[in-house]
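# Remarks on the overall topology
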Amino acid sequence: MYSKDGETYFIVDAHVVLWDARPENQSNVHGKQFIDCFYDYHRNLSPESEKWSYEEFLHQGGERLMRDLFDDGHVDHAIFQPALLGEFYENGFGQTEEAFALAEKHPDKLTYNHCWDPRFGEAGLKQLREDAKRFGLKGCKLYTAEWRGESRGWKLDDPWSYRYLETARELGIRNIHIHKGPTVRPLDRDAFDVADVDKAATDFPELNFVIEHVGLPRLEDFCWIATQEPNVHAGLAVAIPFMHTRPRYFAEIIGELLYWLDEDRIQFSSDYAIWTPRWLVERFVDFQIPADMTEYPPLTTAQKKKILGINAAEMYDIPVPAELRLEQPRPVGVV
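So, a few notes on the structure that sits alongside this text. (Residues numbered from 1 in each chain as written. Predicted model: local features only at pLDDT ≥ 70, side-chain atom pairs only at ≥ 80, totals over all residues. Heavy atoms only, no water.)

### Topic: the overall build of the protein
A tally of helices and strands in the protein yields 12 helices and 11 strands. At 19 Å, the protein has a C-alpha radius of gyration in line with the 20 Å of a compact globule built from 335 residues. Its C-alpha atoms give the protein principal-axis dimensions of about 50 × 45 × 40 Å. Every one of the 335 residues in the protein was classed for burial, and the buried ones make up 60%. A separation of at least 24 residues holds for 78% of the contacts in the protein among residues at least 6 apart in sequence. Carbon together with sulfur atoms contributes 48% to the accessible area of the protein, which is approximately 14,000 Å² in total. Averaging the positions of the 37 positive and the 57 negative side-chain charges in the protein gives two centres separated by 1 Å. (Helix = DSSP H or I, 4+ residues; strand = E, 2+ residues; numbered from the N terminus. Rg over C-alpha atoms; globule rule 2.2 N^0.38 Å. Buried < 20%, exposed > 50% of the residue type's maximum accessible area, 1.4 Å probe, protein only. Contact = heavy atoms within 4.5 Å. Areas by Shrake-Rupley, 256 points an atom, 1.4 Å probe, with all protein chains shown as cover. Lys, Arg positive; Asp, Glu negative; His and termini not counted. Charge placed at Lys NZ, Arg CZ, Asp CG, Glu CD.)

Written as structure tokens, this is what we have:
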């Protein structure tokens, strides 16, 4: 837990990945393009003291993840959000077996979410049922811009996608995390558009749709959707590091999210291992919207506590110590 100025914060990092992007796992040039783009985000948005070498960025392993998140990073619980990227990596990008083994070993610290691709059709639905049973899934991570054969993306409201969402609902997988944010080379920008969230959120009110990266660079589109759909939530991965390089831009992002969604539907995410959580937690606790940005009120400590951990903890039934709960807990997401 992180404490400062007499306040203690329960931290849930709602978006972490254990990946292997080493050359021996890259299927083609696109695997290198993908991780190189990640590394550009890392080195361009990180403080100098937090930058890694390219070699250590390619692969971390479970031991380092545990240290970076829990020993050094102030995190109390983290949620794996893997990506398959089977066209780019021989054994996939997110390391399912290693991540799940860690979650089994440390259930008090880690939750494992899995991924699916509706373009696998009936075979994928069968696999989803098996995965839900094996992993005890409460959530998943979807990557609508992922390539498969000649296809360079899919939409959340496609007919086959609806079959998978119906199955997820049946299996009790209520938390649907979706990458809807900045493109990653070589994926197509428009395949990450947020427009398909609107229809799916309306048609599946029993599910929570957590939009990772808050739709950037389509923040306004996302906010207009989220204010109408009470089961749409905002994941701050990629957005929150702008506290360092463009603090006024981040102030606008968080100010707009608080205006349209309020603090109950925003989740802290480091996007490890693009960034480590320690500096993000510390800076967010200290962060304040500049006084001259008068359309946004100041951030309160209670708002920061909800965003940093309580919101995701309630969504995933993660126990929060009694002394760190807010006085008036409220239901999260769907009703």
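Now, onward.
### Re the packing of helix 8 (residues 219–228) against helix 10 (residues 247–260)
Here helix 8 crosses helix 10 at 20°, and the two axes come no closer than 9 Å. Here helix 10 runs roughly parallel to helix 8, going by the angle between their axes. Helix 10 is crossed by helix 8, and the crossing has right-handed handedness. Contacts between helix 8 and helix 10 pair Leu219, Phe222, Cys223, Trp224 and Thr227 from the former with Ile253, Glu256, Leu257 and Trp260 from the latter. (Axes fitted to C-alpha atoms, helices over the stretch in contact; angles between N-to-C directions. Parallel < 35°, antiparallel > 145°, perpendicular 65-115°, else oblique. Left-handed = near helix turned anticlockwise from the far one by under 90°.)

### A short note on the sheet that holds strand 4 (residues 77–80)
A sheet is described by the order of its strands in space; here 3 strands give the open sequence 3-4-5, paired in parallel fashion. Looking at which strands have only one partner, the edges of the open sheet turn out to be strand 3 (12–16) and strand 5 (110–112). Going across the sheet, the axis of each strand differs from the next one's by a mean of 20°, ignoring polarity. As defined by bridge partners, strand 3 adjoins strand 4 across 3 bridges and the pair is classed as parallel. Pairing of Val12 across the sheet is with His77, part of strand 4. Lying over the sheet, helix 4 (residues 96–105) contacts strand 4 and strand 5, oriented at roughly 135° with respect to strand 5. (Pairing = 2+ DSSP bridges.)

### Focus: helix 8
Within the span of helix 8, buried status applies to Leu219, Phe222, Cys223, Ile225 and Ala226. Around the axis of helix 8, the buried residues are gathered within 165° of arc, so they sit on the same side. Exposed positions of helix 8 whose direction lies more than 90 degrees from the buried face are Glu220 and Gln228. In this structure, the buried side of helix 8 is in contact with helix 7 (195–203), strand 9 (208–212), strand 10 (232–235) and helix 10. (Arc of directions from axis to C-beta.)

### Some points on the packing of helix 6 (residues 159–171) against helix 7
At a minimum axis separation of 12 Å, helix 6 and helix 7 run at an interaxial angle of 40°. As summarised for this structure, helix 6 and helix 7 are arranged oblique, according to the angle between their axes. For helix 6 against helix 7, the interelement crossing comes out right-handed. On helix 7, the residues that touch Tyr162, Leu165 and Arg169 of helix 6 are Lys199, Ala200 and Asp203. Residues of the contact of helix 6 with helix 7, tallied by class, amount to 3 nonpolar, no polar and 3 charged. (Nonpolar A, V, L, I, M, F, W, Y, C, P; charged D, E, K, R; others polar.)

### Quick look at the pattern of salt bridges
Inspection of every chain in the model, using the stated rule, returns 23 salt bridges. For the salt bridge of Lys306 with Glu263, the shortest nitrogen-to-oxygen distance reads 3.4 Å. Residue Lys306 is found in helix 12 (residues 301–315), and its partner Glu263 is found in the loop between helix 10 and strand 11 (266–267); the two are separated by 43 residues along the sequence. With a relative accessible area of 13%, Lys306 lands in the buried category. Each of Asp20, Arg22 and Glu24 takes part in one network of salt bridges that share partners. (Salt bridge = Lys/Arg side-chain N within 4 Å of Asp/Glu carboxyl O.)

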